[in-house]
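Architecture and fold: a report
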Amino acid sequence: MGKDMTRGIARQLLTETAETILSRRYYLKDGQGNVLENWESLCRRVADAIAGVDSGLEEYETLREQFFRMIYHLDFLPNSPCLMNAGTDLGQLSACFVLPVEDSMDGIFTSIHHGALVHKTGGGTGYSFSRLRPKNSAVRSTQGVASGPLSFAAVFDAATETIKQGGKRRGANMGVLRVDHPDIMDFITAKEDQSKFTNFNFSVAITDKFMEAAKNNQEYDLIDPSNRKVVCRMNAAKVFDKIVDLAWHNGEPGVFFIDAANRANATPQLGEFEATNPCGELPLLPL
């Protein structure tokens, strides 16, 4: 296929809006911000990089050309990090991550650091804040009190606001808190003010015990994750009604049926699901 015909097909396939987005976010640029690619060369870059794992095969050239045509004709599109980073020094091709958040300053800020690196390369991050001790809990190392999961979620949110994904797009986060965490009501209502946590989707991790209690209009236990002690009880039906009310109000929080997800976990020997990624909301094991 000649270059003129190829460019003609590209003009037919891609709208003006698509070309604008590609120029802003996907085409490689030089140090002055000048665009170095077009749709054809982007597709070639991605196809060459991905097909490179089969470079030792006899049918390598055929595979590479087939993959190029699939992308070029929009029959199949890899995710954004793949389109942005394949064939570059970054080489980070994954869009979806779940990062662990441990109940310590080192653990929390290590997660923020790792999240920033993921966002820089175009990925999105999911976090479970369920391991963090509730607000006003004692902190023995400082003789102080804990500020709770939401206060740290705000730090994650601020970091995401500051760090754009390699100048291409802003980061996306999923925040998850178990329904039996003592701070769950604060979490459920956190985005009632829609000016807060604007870089997060929030979902409540719903357990089987909670759903059974909600169905029977019973109370359920709220458990401090730092010592596994029951700190109080709440009416499950009222909590569930609040989730439904706010989901109707502005779409958040969502729900993540965590026990059901772990029953379907194909690799339980590697760990349990705690959270999902923000795009597609697929349960993933923490890295």
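Details of the structure are given in the entry above.
Everything numeric in this text was worked out from a predicted model, so none of it was measured. (Residues numbered from 1 in each chain as written. Predicted model: local features only at pLDDT ≥ 70, side-chain atom pairs only at ≥ 80, totals over all residues. Heavy atoms only, no water.)

**Notes on the pairing of strand S8 (residues 200-206)**
- Buried residues dominate S8, accounting for 6 of its 7 residues.
- By the bridge criterion, 6 bridges tie strand S7 (residues 173-178) to S8 in an arrangement that is parallel. Counterpart to Met174 in the pairing with S8 is Asn201.
- Regarding the hand of the β-α-β motif, the stretch spanning S7, helix H8 (residues 184-189) and S8 is right-handed.
- Here S8 pairs with strand S11 (residues 254-257) via 4 bridges, running parallel. Bridge pairing in S11 places Ser203 opposite Gly254. (Buried < 20%, exposed > 50% of the residue type's maximum accessible area, 1.4 Å probe, protein only. Helix = DSSP H or I, 4+ residues; strand = E, 2+ residues; numbered from the N terminus. Pairing = 2+ DSSP bridges. Right-handed = clockwise from strand over helix to strand, strands pointing away.)

**Quick notes on the packing of helix H9 (residues 208-215) against helix H10 (residues 236-250)**
- Axis separation between H9 and H10 bottoms out at 7 Å; the angle between their running directions is 100°. Relative to H10, the element H9 lies roughly perpendicular. Between H9 and H10, the residues in contact are Phe210, Met211, Ala213 and Ala214 and Ala236, Ala237, Val239 and Phe240, respectively.
- Considered class by class, the residues forming the contact of H9 with H10 number 8 nonpolar, no polar and no charged. (Axes fitted to C-alpha atoms, helices over the stretch in contact; angles between N-to-C directions. Parallel < 35°, antiparallel > 145°, perpendicular 65-115°, else oblique. Contact = heavy atoms within 4.5 Å. Nonpolar A, V, L, I, M, F, W, Y, C, P; charged D, E, K, R; others polar.)

**Quick look at a negative patch on the surface**
- Residues Glu192, Asp193, Asp241 and Asp245 make up a contiguous surface patch of negative charge.
- Position of Asp193 among the secondary structure elements: in the loop between H8 and S8.
- When its relative accessible area of 35% is taken as the criterion, Asp193 is described as partly exposed. (Patch = residues over 30% accessible without salt bridge, like charges linked within 9 Å, V, L, I, M, F, W, Y side chains within 5 Å. Areas by Shrake-Rupley, 256 points an atom, 1.4 Å probe, with all protein chains shown as cover. Salt bridge = Lys/Arg side-chain N within 4 Å of Asp/Glu carboxyl O. Lys, Arg positive; Asp, Glu negative; His and termini not counted. Charge placed at Lys NZ, Arg CZ, Asp CG, Glu CD.)

**What about the nonpolar core?**
- Phe129, Phe156, Val179, Ile184, Val204 and Tyr220 are the most contacted members of the largest nonpolar core, which totals 32 residues.
- Listed by contribution, the elements that provide at least two residues to this core are strand S1 (96-99), helix H6 (105-120), helix H7 (149-162), H8, S8, H9, strand S9 (219-224) and H10.
- When near neighbours in sequence (up to four residues on either side) are disregarded, Val179 contacts Ile184, Val204, Ala205, Ile206, Thr207, Phe210, Tyr220, Leu222 and Val239.
- The next biggest cluster of nonpolar side chains, apart from the first, holds 17 residues, and it includes Trp39, Leu42, Phe67 and Cys82. (Core = buried A, V, L, I, M, F, W, Y, C linked by side-chain atoms within 4.5 Å.)

**Quick look at the pattern of salt bridges**
- Tallied over the full model, the rule gives 15 salt bridges.
- The partner of Glu37 in a salt bridge is Arg45, with the nearest N and O atoms 2.6 Å apart.
- The class of Glu37 is buried, set by a relative accessible area of 13%.
- The class for Arg45 is buried, based on a relative accessible area of 10%.
- Put simply, Asp180 and Arg178 hold a salt bridge, and the shortest N to O gap is 2.9 Å.
- Relative accessible area serves as the criterion here: at 12%, Asp180 is assigned to the buried category.
- Look at Arg178 and you get partly exposed, because its relative accessible area is 25%.
- Each of Arg44, Glu65 and Arg69 takes part in salt bridges that share partners, so that together they form one network.

**Details of the side chain of Thr160**
- Along the chain, Thr160 falls in helix H7.
- The buried category is assigned to Thr160, whose relative accessible area is 3%.
- Aside from chain neighbours lying at most four places away, what touches Thr160 is His119, Arg170, Gly171, Ala172, Asn173 and Asn199.

**Let's talk about empty space enclosed by the protein**
- Per the counting criterion, the structure on display carries 2 cavities of 30 Å³ or more.
- Of the volumes computed, that of the largest cavity is approximately 50 Å³.
- Surrounding the largest cavity, Ile112, Gly115, Ala116, His119, Tyr127, Phe156, Ala159, Thr160, Ile163 and Asn173 form its lining.
- Elements with a minimum of two residues in the lining of the largest cavity: H6 and H7.
- With 4 residues, H6 is the largest single contributor of residues to the lining of the largest cavity.
- Of the residues belonging to the lining of the largest cavity, the class tally is 6 nonpolar, 4 polar and no charged.
- Roughly 40 Å³ of internal volume is contained in the second largest cavity.
- Of the residues belonging to the lining of the second largest cavity, the class tally is 5 nonpolar, 1 polar and 2 charged. (1 Å grid on protein atoms, 1.4 Å probe; cavity = no way out; pocket = protein on both sides within 12 Å on 5 of 7 lines; lining within 4 Å. Points joined across faces, edges and corners; volume = space filled by probe spheres on them.)

**Examining unusual backbone geometry**
- Residue Pro253 is bonded to the preceding Glu252 through a cis peptide linkage, with omega at 5°.
- You can see Pro253 is positioned in the loop between H10 and S11.
- Located in the positive-phi region is Phe197, a residue other than glycine, with phi close to 50°.
- If you trace the backbone, Phe197 turns up in the loop between H8 and S8.
- In this structure, Arg228 takes a positive phi of about 65° despite not being glycine.
- Counting through the fold element by element, Arg228 comes out in the loop between S9 and strand S10 (229-235).

Geometry only, nothing functional implied.
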